[in-house]
Amino acid sequence: MIYEKKPWDLPLKILGYSILCLVALAMIVPFIWMVSTSLKPSGAEFAYPPQILPTSFNLENYKNLFTLVPFGRYFLNTIIVTFFTVFGQIIICSMAAYAFARLKFIGRDVLFVLYLATMMIPFQIILIPLFLIVFGLGWVNTYQGLIIPGISSVFGIFLLRQAFMSVPGDYQDAARIDGASEFVIYWRIFLPLNGPALATLGVFSFMGTWTDLLWPLLIARDQDMRTLELGLAYFNSSLSAFQQTNWPLVMAAAVVLMLPVLLVYIFAQRYFIEGISLSGVK
Amino acid sequence: MASTTQLPTRTAKSRKSLWQKFWSSTNERMGYLFILPSLTHIILFLFIPLGFSLFLSFTDWRGTNIYNAPWVGLDNYEFMMGDRRFWNAMQNSAYYTLLSVPLGMAISLGVAVVMNQKLRGTYFFRTLFFMPVISSWVAVSVIWITILDPQAGILNYLLTSIGLPSVNWLGDPSTAMPSIVIIAIWKGLGFQMIIWLAGLQAVPEVLYEAASIDGANSWQKFRSITIPLLAPTSFFLFVTGVIGSFQVFSPVYVITGGGPRGATDVAVHRIYLRAFEGFDMGYASAQAWVLFSIIFVLTLVQFWVRRRRGEETLF
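Residues numbered from 1 in each chain as written. Chains lettered and ligands numbered in written order. Predicted model: local features only at pLDDT ≥ 70, side-chain atom pairs only at ≥ 80, totals over all residues.

Caption draft 1: Spotlight on the overall build of chain A. Each helix and strand in chain A was counted, giving 14 helices and zero strands. Starting at the N terminus, the α and β elements of chain A follow one another as α-α-α-α-α-α-α-α-α-α-α-α-α-α. In chain A, 74% of the contacts between residues at least 6 apart in sequence involve partners at least 24 apart. (Helix = DSSP H or I, 4+ residues; strand = E, 2+ residues; numbered from the N terminus. Contact = placed C-beta atoms within 7 Å.)

Caption draft 2: Quick peek at the interface of chain A and chain B. Between chain A and chain B, the residue contacts involve 74 residues of the former and 73 residues of the latter. Residue assignment for the side of chain A that touches chain B shows that the elements contributing at least two residues are α1 (9-38), α3 (71-102), α4 (108-117), α5 (123-136), α11 (214-219), α12 (228-240), α13 (247-267) and α14 (269-281) of chain A. With 15 residues, α1(A) is the single largest residue contributor to the side of chain A that touches chain B. For the side of chain A that touches chain B, a count of residues per class yields 58 nonpolar, 10 polar and six charged. (Nonpolar A, V, L, I, M, F, W, Y, C, P; charged D, E, K, R; others polar.)

Caption draft 3: Examining the environment of P204(B) more closely. The topology assignment puts P204(B) in the loop between α9 (173-201) and α10 (205-213). As a C-alpha pair, P204(B) and L50(B) span 154 residues in sequence and 45 Å in three-dimensional space.

Caption draft 4: Representation of the nonpolar core in the model. The biggest cluster of nonpolar side chains holds 146 residues, and the ones touching the most others in it are A96(A), L232(A), A253(A) and A254(A). At 14 residues, α9(B) tops the list of elements feeding residues into this core. Apart from the residues lying within four places of it in its own chain, the contact partners of A253(A) are L65(A), F71(A), L232(A) and F235(A). (Core = buried A, V, L, I, M, F, W, Y, C linked by C-beta atoms within 7 Å. Buried ≥ 20, exposed ≤ 12 C-beta atoms within 10 Å, placed from the backbone.)

Caption draft 5: Representation of the confidence of the model for chain B in the model. Residues and elements named next belong to chain B. In this model, chain B carries a mean pLDDT of 83, and residues with pLDDT of at least 70 account for 89%. Per-residue pLDDT, averaged within each element of chain B, yields its smallest value for helix α1 (residues 2-15) (49) and its largest for helix α5 (residues 84-115) (93). Here residues 1-11 is modelled with pLDDT under 50, and outside its nearest four sequence neighbours on either side it reaches zero contacts, counting other chains as well. Taken together, the chains of this predicted complex give a pTM of 0.82 and an interface ipTM of 0.82. (pLDDT = per-residue confidence, 0-100.)

Following this line, the structure appears as structure tokens:
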């Protein structure tokens, strides 16, 4: 079809770009505000008119973050919890996904439907008894208490099952004829072939765990066990109890919390978008 | 032919006991081994807590010894009927949902339509629009507390500089919830836009071309082609949006703590306060079950409406 250039093409293009730029501005300004506030000396954050671009460049707040508050410890906790949760999700979800996608056993389909049905259950409804179970196990204030309840997810199993189903059955048959065990087929064929899907799950569970608030809020009772997200939440509320929140310090904490997430996002953007489109439109 | 050869095996099979049948070679036992970790996890951390919470909702357990949790029958549910704070919270959740879901969907659809015009630089814009989605709720909350500051916040500065009166965003009960909604829409825009965009790109180009030949203008094409074909996408966003809205917690916990004067006290926040600050675990569990039932019924109604309209269901 021959495309005719219409006289209103250019104005429409300009209109499109101005809408996008306006939205982009609304999206980015709060982040610029976060960074520039974190660089201001304490007390200068509410200068009038508000200064969106950084006017000063002092790293005092960042230094205070790690000396006045145990933010380094929070950081370490978050890394430990996130690492083991992501690792566990990838192993446990991929194993279950392999069984659901490629093995035949009695009750498989019923079980899978049951799994899917649990996606409807909001986390809040099991929050109280889950806490009691973890409490009963003596896991309050421990890493296992923070990690193990999140170590498997139905969403992850569903995501990986979709990917595993698309691997040609010939691979599995050929490997079986060669005498490979199911575990070898899973480990040496299915995992390497589904790198992108595993990466998608990894990115999702990284984001979810790194920024989780409600669960750490219940489990990490000691200051030493707090994650970054929780540390920041307490930071805000404990400081405002004195009616005098040190906003530049809080913003510095927010920057430290956000930086790893933004970096992972920028480098793994493809997997993230794919995962969302997959889970949303399938 | 085929039936005569199969006959002996079938009789042999039927002679096997149920257990033998279950554990026969056609049943790949490895399957159970592979799902064992996830099954253990889901039983221990989902099914048992689920049953446990239903049990708790019939008790008046307040965080002492679980073995003598006093059984109170339906008392918790009866008390809830007259609990003004609980209904205030449910009302707030409904208000939040009614504001945030349609507005968020409309705005993100608008942005997605523009993004779908094959302008240059959409990758860059998509990256930007997605930054709030991946951000943590607490970080977003602290940023917006300062932006919405009545005296020195950026938003009021912008309003007053174009001659509008400044607003006490988070301090006024009538604007506190809309403020939370603005923040939630800002945070969720990128996510919804990606879903819309995937839906838009699935609309066959031929339809637009045919409509152009018939002399349809852009708006007519949008109304009669795009909107109907986006029905599955909008359904998905609507369902997930409503479910997600009824579960909102973090922004309320960090930004307003339910205030001012209970104006932003949403359902999950109320349950949290009852359970973990009031240690009224039994009553809080009952509240959680009522919330769950409401979400469940809403979802079922949506599925039912969709089935009646003859659209294929999504899950």
